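A closer look at the structure
One letter stands for each residue in the lines below.
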Amino acid sequence: MTRVAVATAFGGPEVIAIVDEQLAEPAAGQVLVEVKAIGVNPIDYKLYSGAFGSDVSTLPLHLGNEASGVVVAVGGAAQGRGGPVSVGDEVIVKGVGGVYAEKVLVPAEAVLPKPAELDWESAAGLLGVAGTAFDTLETVGIAAGDTLLVHGAAGGVGSIVVQLARARGARVIGTARAINHDALREYGAEPVEYGPGLIERIREVAPDGIDAAIDAVGTDEAIDVSLELLSDTSRLVTIAAFGRAATEGFPSVGGANPQSVERRSNAALSLIAQAAAGEFTVTIAKTFPLSDAAQAHAELQSEHPRGKFVLIP
């Protein structure tokens, strides 16, 4: 048996319950992972919010799609993305649902080696934000010499965008609350505060203009300012303002977008290696016991500390 967090209805975080479920032994090509840490993402609560429909036949909904842990059992011919998988391997699980659990039975191709340099929490919260950040940078073609505007630069995705863009040789201007400006400077970005007068503040620090913009917040302000500053709308990408992207003709990434899925999957091993080498860091804002998954979701939907939330089984 394993304890699992599931959504028993559609609604707010109060619909999350902890239940016991039976796990089968791994079949060929499967592995059983004892979970050490679980990354918490906005998509986790959006699934049961009704944002994507409310078909009761899908209940209970199993939550979560990224975790870290130790392989405790292996079916035959278990081949992960980093090679053969064995009992005792420390791994990152990504690309399957239902990882809000003490143990998970997953296809071997869903696990990747966890370097010793990464702790459990950082490893669990890595690929969701780093994969999205990489996806946005590839979409707008960030290269050395570019001036990049990042909206929500202190958030989980935005902070990785800043670090990866700086590593490519780009200049980065990042919007954030004043309380997060010192952190942005540490990442190598030039911070500006969002809110009324944003476009004037950006023009003041970048009088020669910007070359590209990445929206990690989805606000009308972020989109309006970016469209005003950019001459080429193909160099604006959003991870949140999907409606405006569709109607106004600029790119978005994420979800089931086949290009995004392939791009992130192909980059996963490289991103893990970069994180292990210290080329970028994932900030962990707070950890919660698995039993407090509902509380974690409630806090994630309100103003909260900078960084990722992580559940500990």
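Residues numbered from 1 in each chain as written. Predicted model: local features only at pLDDT ≥ 70, side-chain atom pairs only at ≥ 80, totals over all residues. Heavy atoms only, no water.

1. Structural notes on helix H9 (residues 258-276)
Counted only if it meets this: Each helix is a run of H or I in the DSSP string that is no shorter than four residues. Each strand is a run of E no shorter than two, and both are numbered from the N terminus. Every helix has an expected span of 1.5 Å times one less than the residues it contains. Bend, at a single residue, is the angle you get between axes fitted to the 7 residues ending at that residue and the 7 residues starting at it. We call two residues in contact when some of their heavy atoms are within 4.5 Å.
The terminal C-alpha atoms of H9, which comprises 19 residues, lie 27 Å apart, in line with the 27 Å expected from a rise of 1.5 Å per residue. Helix geometry: H9 is bent most strongly at alanine 268, by close to 50°. Tucked into the core, H9 has its buried residues touching strand E8 (90-94), strand E10 (111-113), helix H3 (126-140) and helix H4 (156-167). Once H9 finishes, glycine 278 follows within two positions and takes phi at roughly 80°, a positive value.

2. Topic: the sheet that holds strand E2 (residues 16-21)
Threshold: One bridge is not enough; two strands pair if DSSP finds at least two bridges between them.
Read from one edge to the other, the open sheet built from three strands follows the order E2-E1-E4, with strand pairing classed as antiparallel. The open sheet terminates on both sides in strands that have one partner only, identified here as E2 and strand E4 (61-62). Two elements, strand E1 (residues 2-7) and E4, share two bridges in a ladder whose sense is antiparallel. Across the sheet, the residue bridging to valine 6 is histidine 62, located in E4.

3. Side note on unusual backbone geometry
Residue proline 60 is bonded to the preceding leucine 59 through a cis peptide linkage, with omega at -5°. Mapping proline 60 onto the fold places it in the loop between helix H1 (42-49) and E4.

4. Some remarks on the pattern of salt bridges
Just so we agree on the cut-off: Take a side-chain nitrogen of Lys or Arg and a carboxyl oxygen of Asp or Glu: if they are within 4 Å of each other, that pair is a salt bridge. The cut-offs for exposure are 20% and 50% of the maximum accessible area for each residue type, with area from a 1.4 Å probe on protein chains only; residues under the lower value are buried, those over the upper are exposed, and the others partly exposed.
Applying the stated rule across the entire model yields 15 salt bridges. Glutamate 102 is paired through a salt bridge with arginine 3; the nearest N and O atoms lie 3.0 Å apart. With a gap of 99 residues between them, glutamate 102 in the loop between E8 and strand E9 (103-107) and arginine 3 in strand E1 connect regions that are remote in the sequence. Among the residues examined, glutamate 102 registers a relative accessible area of 27% and is labelled partly exposed. Salt-bridge contacts for aspartate 146 lead to arginine 235; the nearest nitrogen and oxygen are separated by 2.9 Å. Within this pair, whereas aspartate 146 is found in the loop between H3 and strand E11 (147-151), its partner arginine 235 is found in the loop between helix H7 (220-229) and strand E15 (236-238), the two being separated by 89 residues in sequence. Given the relative accessible area of 11%, aspartate 146 is considered buried. It is possible to trace a salt-bridge network through shared partners that takes in Asp220, Asp224, Arg244 and Glu248.

5. Topic: empty space enclosed by the protein
Here is the rule: Using a grid of 1 Å spacing that covers the protein atoms alone, one calls a set of points a cavity when a 1.4 Å probe fits there but cannot get out, and a pocket when the set is open and has protein on both sides within 12 Å along at least five of seven lines; lining residues are those with an atom within 4 Å of a point. Grid points are joined across faces, edges and corners, and a volume is the space filled by probe spheres set on the points. Three residue categories are used. Nonpolar comprises Ala, Val, Leu, Ile, Met, Phe, Trp, Tyr, Cys and Pro, charged comprises Asp, Glu, Lys and Arg, and polar comprises the others, including Gly.
All told, the structure shown has one cavity of 30 Å³ or more when counted by the stated rule. One number sums up the size of the largest cavity: a volume of about 30 Å³. If you trace the largest cavity, you find it lined by Ala154, Gly155, Gly156, Ser159, Val282, Thr283, Gly307 and Lys308. When its residues are assigned to classes, the lining of the largest cavity shows two nonpolar, five polar and one charged.

6. Concerning the packing of H3 against H9
This is how it is decided: A fitted line through C-alpha atoms represents every axis, and for helices the fit uses only the stretch in contact; the resulting angles, taken between N-to-C directions, go from 0 to 180 degrees. Crossing chirality is assigned from the near helix's rotation relative to the far helix, an anticlockwise turn below a right angle marking it left-handed and a clockwise turn marking it right-handed.
Put simply, H3 and H9 touch, their axes get as near as 8 Å, and they point 115° apart. Crossing angle aside, the handedness with which H3 passes H9 is right-handed. Across the interface between the two elements, Leu126, Leu127, Ala130, Gly131, Thr132, Phe134, Asp135, Glu138 and Thr139 of H3 pack against Ser260, Arg263, Arg264, Ala267, Ala268, Leu271, Ile272 and Ala275 of H9. Taken together, the residues of the contact of H3 with H9 sort by class into nine nonpolar, four polar and four charged.

7. A word on the nonpolar core
For the record, the criterion: The term nonpolar core refers to a set of buried residues drawn from Ala, Val, Leu, Ile, Met, Phe, Trp, Tyr and Cys, joined through side-chain atoms within 4.5 Å.
Counting residues in each nonpolar core, the largest one holds 42 residues, and the members touching the most others are Leu126, Leu148 and Phe280. Here the element with the most residues in this core is H3; it accounts for eight residues. Dropping the residues within four chain positions of it, phenylalanine 280 is found in contact with Leu126, Ala130, Ile160, Gln163, Leu164, Leu271, Gln274 and Ala275. Counting residues in hydrophobic clusters, the runner-up holds 37 residues, among them Ala5, Val96, Val106 and Leu300.

Geometric descriptors of this kind do not, in isolation, establish any biological role.
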